[in-house]
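Below are the chains, spelled out letter by letter.
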Amino acid sequence: MSSTNSDIRKRIEGRFEALGHLIYRNHWKALALVLVVVAVLFSQLPKLTMDTSTESFLHEGDNTLEIYNAFRDQYGHDEMIFIAIESNNLFSQPFLKKLKALHEELENDLPYLDDITSLINARNTRGAEGELIVEDLLENWPQDEAALQAVKATAMANPLYRDMMLSADGNITTIVIKADAYTSTGEESDAMAGFDDGFDDAADDSAPSAPREFITDEEINELVTKTEAILEKYEGEEFRTYMAGSPPVVKVLKTAMQENMRRFVLMSILAIGLLLFVLFRRASGVALPMLVVILTLLSTLGMMGMSGVAFKLPTQILPSFLLAVGVGASVHILSIFYRHLQDKQDKESAIAHALGHSGLAVTMTSLTTAAGLASFVGADVAPVGELGLFSAIGIVLSLIYTIVLLPALLSILPVKPKHSSSAQSRHERMDRILTGFTNIATGRPKTVLALSAVIFIIGI
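Trainee: What should I look at first to understand the pattern of salt bridges in this one?
Mentor: Two side chains that carry opposite charge are able to pair once their charged atoms sit near each other. Counted by the stated rule, this structure contains seven salt bridges. Where Lys100 meets Glu104, a salt bridge forms, and the shortest distance between an N and an O atom there is 2.6 Å. You can see Lys100 and its partner Glu104 sitting in helix α4 (residues 93–109), four residues apart, about one turn around the helix. Its relative accessible area of 33% is what places Glu104 among the partly exposed residues. One salt bridge in this structure joins Glu228 and Lys251, with 3.4 Å as the shortest N-O distance. Here Lys251 lies in helix α8 (residues 246–280) and Glu228 lies in helix α7 (residues 217–234), a separation of 23 residues in the sequence. Take Glu228: its relative accessible area is 33%, and that puts it in the partly exposed class.

Pasting the structure below:
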């Protein structure tokens, strides 16, 4: 049985070695093939979106999501922006005029606005001489100090205003902005709407109407951005503004995701590049693995864009993960390639030997890693399943680029053997370190097993 397994392994390694010769002799064709795949996936990057909504944690078609959407469809959306305005003189002419100007500008200029409420249009319902009077609090604008104090007294005495539209100490007032429940994307205004002749009413009533889409993340983000720009114009010592609500929080989360991904990716690239330089001390030893993992990352993101899967909070670790895990296969191939190139002085032989020696190992490592990640696909939390799926796809893409693109680039680039004694001494030093670990493992197996068992038990 052992000889059979050895024969199978040798045949597979021979196939990888033959692949190395094939790629070397057809390096431009191999490079062109990979570039076509890369170009197709890169073209999908503009379709990649970000989604920080709570609903994004549920799979499409999930019963909970359907119930929630039905509730929103019946009772409305809950996307509201709360603006708190702080001042020591809320009921003064300068403040109220400024508040009125802000209210009107928000009402006139904000996109996707459903409703806006503040002291300017707050309802004041009261009884007088047997009548029920419904009017705005500031329907009759106060012209003097006495009128201002009367408005203040009315507002502070109204229990519907207290801690909703006015703070208990009378130093903070609020503006509540409610966004449209449904998206306006794809809607077309009809100048003749409402003027149908009515002959086809029966047919229209019988036809089921398509469900409307809820307001999108992009539209909510546009609403928040416009609100921030307007508030900035009114900010002052006696007009200090603060914004809260789910739309601003979502915008902050999305901004944080973008900044974190940029920061994490940059830190990962710098750390990996530094370690590659320490390991190989060659420009090609740094540039080629980095090129492989960066192309892997961008291709994976292109796959996400192609499939319509948005970036979400849990999936923001995907870029750093792919950079860290995907570089390992290239390191295996390059380390054997450089060693063989230095010994034999023949690039084709070095490429074929590197693939024959490590091709099976990196393939099995990549496939088992991808299989483990793919096990998350069935997770009930949608972003976790998507993270597992696209991490697995990224690992497979990294393997393909390592087996095909890396040898093709090594064939084209003028990579030469190093004849420095320092390189040889580094190899010998690393060999001694690894041999030392091997001697410990084989020379003291009981000690190693005992320590491993202790660590295992502590972990449990």
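Trainee: Got a minute to help me understand the side chain of Arg282 in this structure?
Mentor: Within the secondary structure, Arg282 sits in the loop between α8 and α9 (283–307). Assessed through its relative accessible area of 11%, Arg282 is described here as buried. With sequence-adjacent residues up to four places away left out, Arg282 is seen in contact with Tyr338, Val415, Lys416, Pro417 and Lys418.

Trainee: Just to check I follow, could you spell out helix α3 (residues 63–75) for this structure?
Mentor: Along an α-helix, residues three or four positions apart point the same way, because every turn accommodates 3.6 residues. For α3, with 13 residues, the first-to-last C-alpha span of 18 Å sits near the 18 Å given by 1.5 Å per residue. Looking at where α3 begins, the residue whose side-chain oxygen comes 2.8 Å from the main-chain nitrogen of Thr64 is Asp62.

Trainee: Would you explain the side chain of Ser320 in this entry?
Mentor: The residue Ser320 is located in helix α10 (residues 318–344) in this model. What Ser320 contacts, discounting residues up to four positions off in sequence, is Phe264, Val265 and Ser268.

Trainee: Would you explain the confidence of the model for the protein chain in this entry?
Mentor: Do not read the predicted coordinates in detail wherever pLDDT is low. Confidence in the prediction of the protein chain, expressed as mean pLDDT, is 85, and 89% of residues score 70 or more. Between the elements of the protein chain, mean pLDDT differs from a low of 50, seen in helix α6 (residues 201–206), to a high of 94, seen in helix α14 (residues 445–459). A low-confidence stretch, residues 189–195 stays under pLDDT 50, and its non-local contacts, those more than four residues away or across chains, total zero contacts.

Trainee: How do you make sense of the packing of α7 against α8 when you look at a structure like this?
Mentor: When two helices pack together, their arrangement is captured by the angle between the axes and the distance separating the axes. Between α7 and α8, whose axes approach to 9 Å, the crossing angle comes to 100 degrees. One finds that α7 runs roughly perpendicular with respect to α8. In this structure, α7 contributes Asp217, Ile220, Asn221, Val224, Thr225 and Glu228 to the contact, and α8 contributes Pro247, Pro248, Lys251 and Lys254. Residues belonging to the contact of α7 with α8 are distributed by class as follows: four nonpolar, two polar and four charged.

Trainee: Looking at this model, I keep getting lost on the packing of aromatic side chains. Mind explaining?
Mentor: To describe a pair of aromatic rings, you give the distance between the ring centres and the angle between the ring planes. This structure, assessed with the given rule, holds three aromatic pairs. Ring plane angle 65 degrees and centroid distance 5.3 Å describe the contact between Phe280 and Tyr338, whose orientation is recorded as edge-to-face. Here the residue Phe280 occupies a position in helix α8, and Tyr338 occupies one in helix α10, the gap between them amounting to 58 residues. Since its relative accessible area comes to 8%, Phe280 is described here as buried. Joined through ring pairs, the aromatic side chains of Phe280, Phe337 and Tyr338 make up one cluster.

Trainee: Quick question: what am I supposed to make of α4 here?
Mentor: An ideal rise of 1.5 Å per residue puts 24 Å on 17 residues; α4 measures up with 24 Å between its terminal C-alpha atoms. When α4 is considered as a whole, its buried residues turn out to be Gln93, Phe95, Leu96, Leu99, Leu102, His103, Glu105 and Leu106. In this structure, the buried side of α4 is in contact with β1 (80–86), β2 (113–117), α5 (145–157), β5 (172–179) and α7.

Trainee: I'm lost on the environment of Leu113 in this one. Help?
Mentor: Within the secondary structure, Leu113 is located in strand β2. Along the chain, Leu113 and Ile177 lie 64 residues apart, while their C-alpha atoms are 7.4 Å from each other.

Trainee: How should the sheet that holds β1 be read in this particular structure?
Mentor: Consider a sheet: its strands pair through backbone hydrogen bonds, and that pairing is either parallel or antiparallel. Strands sit in the order β2-β5-β1-β6 across an open sheet of four strands; the sheet is antiparallel. Unpaired on one side and paired on the other, β2 and β6 (240–244) mark the two borders of the sheet. For this sheet, the mean angle separating the axes of adjacent strands, direction not counted, is 20 degrees. For β1 and β6, the ladder comprises five bridges, and the chain directions are antiparallel. Bridging from a neighbouring strand, Ile85 pairs with Thr241 of β6.

Here is what the cut-offs are and how they apply
Residues numbered from 1 in each chain as written. Predicted model: local features only at pLDDT ≥ 70, side-chain atom pairs only at ≥ 80, totals over all residues. Heavy atoms only, no water. Salt bridge = Lys/Arg side-chain N within 4 Å of Asp/Glu carboxyl O. Helix = DSSP H or I, 4+ residues; strand = E, 2+ residues; numbered from the N terminus. Buried < 20%, exposed > 50% of the residue type's maximum accessible area, 1.4 Å probe, protein only. Contact = heavy atoms within 4.5 Å. Expected span 1.5 Å × (residues − 1). Polar contact = N/O pair within 3.5 Å; in protein donor to acceptor, adjacent residues only side chain to side chain. pLDDT = per-residue confidence, 0-100. Axes fitted to C-alpha atoms, helices over the stretch in contact; angles between N-to-C directions. Parallel < 35°, antiparallel > 145°, perpendicular 65-115°, else oblique. Nonpolar A, V, L, I, M, F, W, Y, C, P; charged D, E, K, R; others polar. Phe/Tyr/Trp six-rings, centres within 6.5 Å; stacked < 30°, edge-to-face > 60°. Pairing = 2+ DSSP bridges.

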